Amino acid sequence: MVNYPTAPITLPTFSMQGKVCMVTGAARGLGLEFCRAFIQSGCTCLALLDLRDLDIATAIEELSAFATNELALDPSALKMVGVACDVASETSVKQAFATIIDTFGRVDAVVASAGIVENYPAIDYPADRVKLLFDINVHGVFYTAREAARNMIATGGGSIILISSMSANIVNIPQLQTPYNASKAAVKHMASSLAVEWAKQNVRVNCLSPGYMLTKLTAEILRKDPDLKATWEGLTPMGRMGQPEDLAGAIVFLASDASKFVTGSEIRVDGGYCAV
Ligand SMILES: NC(=O)c1ccc[n+]([C@@H]2O[C@H](COP(=O)([O-])OP(=O)(O)OC[C@H]3O[C@@H](n4cnc5c(N)ncnc54)[C@H](O)[C@@H]3O)[C@@H](O)[C@H]2O)c1
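Values in this document were obtained by computation on a predicted structure and should not be read as measured data. (Residues numbered from 1 in each chain as written. Predicted model: local features only at pLDDT ≥ 70, side-chain atom pairs only at ≥ 80, totals over all residues. Heavy atoms only, no water.)

A. Up close: the packing of helix α1 (residues 29-40) against helix α2 (residues 53-69). Taken N-terminus to C-terminus, the directions of α1 and α2 make an angle of 30°; their axes are 11 Å apart at the nearest point. The angle between the axes of α1 and α2 places the two elements in the roughly parallel class. Judged by the sense of rotation from one axis to the other, the crossing of α1 with α2 is right-handed. Counting all contacts with α1, which are made through L32, C35, R36, I39 and Q40, the residues of α2 involved are A59, E62, L63, F66 and A67. (Axes fitted to C-alpha atoms, helices over the stretch in contact; angles between N-to-C directions. Helix = DSSP H or I, 4+ residues; strand = E, 2+ residues; numbered from the N terminus. Parallel < 35°, antiparallel > 145°, perpendicular 65-115°, else oblique. Left-handed = near helix turned anticlockwise from the far one by under 90°. Contact = heavy atoms within 4.5 Å.)

B. Inspection of α2 at higher detail. Here α2 is 17 residues long and its end C-alpha atoms lie 24 Å apart, about the 24 Å a rise of 1.5 Å per residue gives. If you check which residues of α2 are buried, you get I56, A59, I60, L63, F66 and A67. Seen along its axis, α2 keeps its buried residues to an arc of 125°; they face one direction. In this structure, α2 carries L54, E61 and N69 as exposed residues pointing more than 90 degrees from its buried face. Where α2 is buried, its residues touch α1, β2 (45-50) and β3 (79-84). (Expected span 1.5 Å × (residues − 1). Buried < 20%, exposed > 50% of the residue type's maximum accessible area, 1.4 Å probe, protein only. Arc of directions from axis to C-beta.)

C. Region of the structure containing the pattern of salt bridges. All told, the structure shown has 15 salt bridges when counted by the stated rule. Between R36 and E33 there is a salt bridge, with its nearest N and O atoms 3.0 Å apart. Of the two residues, R36 and E33 both sit in helix α1, three residues apart, roughly one turn of that helix. Here the two residues R36 and E33 agree in accessibility, since each one is buried. Here E233 ties to K229 by a salt bridge, and the two come within 2.9 Å at their closest N and O atoms. Highlighted residues: E233 and K229, both in helix α7 (residues 228-235), separated by four residues, approximately one helical turn. Take E233: its relative accessible area is 22%, and that puts it in the partly exposed class. (Salt bridge = Lys/Arg side-chain N within 4 Å of Asp/Glu carboxyl O.)

D. Just the site of the ligand, in detail. Inspection of the region around the ligand gives 28 residues, with R28, L30, D50, Y180 and T215 positioned closest. Note that a nitrogen atom of the ligand is positioned 3.4 Å from one of the backbone N or O atoms of C85. Between the ligand and D86, the relevant distance is 2.8 Å, taken from a nitrogen atom to a side-chain nitrogen or oxygen of the residue. Calculation on the ligand without its partners gives an accessible area of 820 Å², and the protein chains cover 95% of this total. Given that more than half its atoms are within 2 Å of the pocket grid, the ligand belongs to the largest pocket. Put simply, the parts of the chain that give the shell around the ligand at least two residues each are α1, α5 (178-198) and α6 (216-224). Per-element accounting of the shell around the ligand gives the leading share, three residues, to α6. Within the shell around the ligand, the residues separate by chemical class into 13 nonpolar, nine polar and six charged. (Near = heavy atom within 4 Å. Polar contact = N/O pair within 3.5 Å; in protein donor to acceptor, adjacent residues only side chain to side chain. Areas by Shrake-Rupley, 256 points an atom, 1.4 Å probe, with all protein chains shown as cover. 1 Å grid on protein atoms, 1.4 Å probe; cavity = no way out; pocket = protein on both sides within 12 Å on 5 of 7 lines; lining within 4 Å. Sits in = over half its atoms within 2 Å of the grid points. Nonpolar A, V, L, I, M, F, W, Y, C, P; charged D, E, K, R; others polar.)

E. Molecular detail of the environment of K260. With respect to the secondary-structure elements, K260 resides in the loop between α8 (248-255) and β7 (266-269). Taking the relative accessible area as the measure of exposure, K260 reaches 63% and is therefore exposed. Residues K260 and V203 lie 57 residues apart in sequence; the distance between their C-alpha atoms is 9.8 Å.

F. Structural view of the pairing of strand β1 (residues 20-24). Among the five residues of β1, five are classified as buried, and the element is accordingly described as predominantly covered. Side chains of β1 alternate between two faces, with V20, M22 and T24 and C21 and V23 buried alike. Bridge count between β1 and β2: five bridges; the pairing is parallel. Among the inter-strand pairings, T24 is bridged to a residue of β2, identified as L49. Once you follow β1 into α1 and on to β2, the crossover reads as right-handed. With four bridges joining them, β1 and strand β4 (residues 109-112) adopt parallel strand pairing. Residue pairing for β4: M22 is matched across the bridge by V110. (Pairing = 2+ DSSP bridges. Right-handed = clockwise from strand over helix to strand, strands pointing away.)

Printed below as a string of structure tokens:
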């Protein structure tokens, strides 16, 4: 075993130092963990987008405390801006990007994490709920990616990461969620398609597909059906649900220069679920 004399022990290309990062759905769950991973990797300019001001303010407080207490960072060195934004509205997304560009001048890494899931049998799925789900999970991701690319192209490039799901590749059981699964398959193919469209302009687009992760989104489902956790763990080769921090390495890889020749790819972080 090699003993390295100095920390941190990592490839310099993984550093997020000097990069402006933006995350949608950043107030909680995976979005919040992506923000944490960026700060841990040296990012000091971060924009958090979510539906409600209050939730974003709480997230910013949590991240500030983390940076100060866990990373011993000078709080004045970390600039975070919270923007209330409904990704389902193109106008709202455009306004949010305008605020970010006003604040930071550019954006280098954008993560589209805002998303919802609901469980109904397809036969009875209310049409307005299907529409809402696609408006957020598909159109919202498209508006976010397009606005990101417009700004990145103007400043020389960047990295866009669309949060899909293992549900893009498999049909979850036993819970019924056809529109969600279809929306995540759409996001996965959107990443490949946009990657090809924008490759020459140095805008990379990849998707990250988590398996079952313990967040408020899944907690809500498990609250209604507590036995489901054991079922999900039984179906996952690694025998557990993922912790949000299990995605930290993958998100930093895709957002940073470590992946500068990677575009149109999917990284699955699912404890082996899709391998079976
Ligand atoms: N948790 C999992 O097991 C899991 C697995 C695979 C994929 N995902 C995907 O990861 C992403 C994040 O999931 P999560 O578990 O963190 O969910 P979460 O519910 O904990 O957080 C989602 C966040 O998105 C925000 N949001 C919802 N609608 C929005 C809108 N219209 N505009 C802006 N923000 C909005 C919510 O306010 C919330 O803060 C989703 O796209 C989800 O489909 C989650």
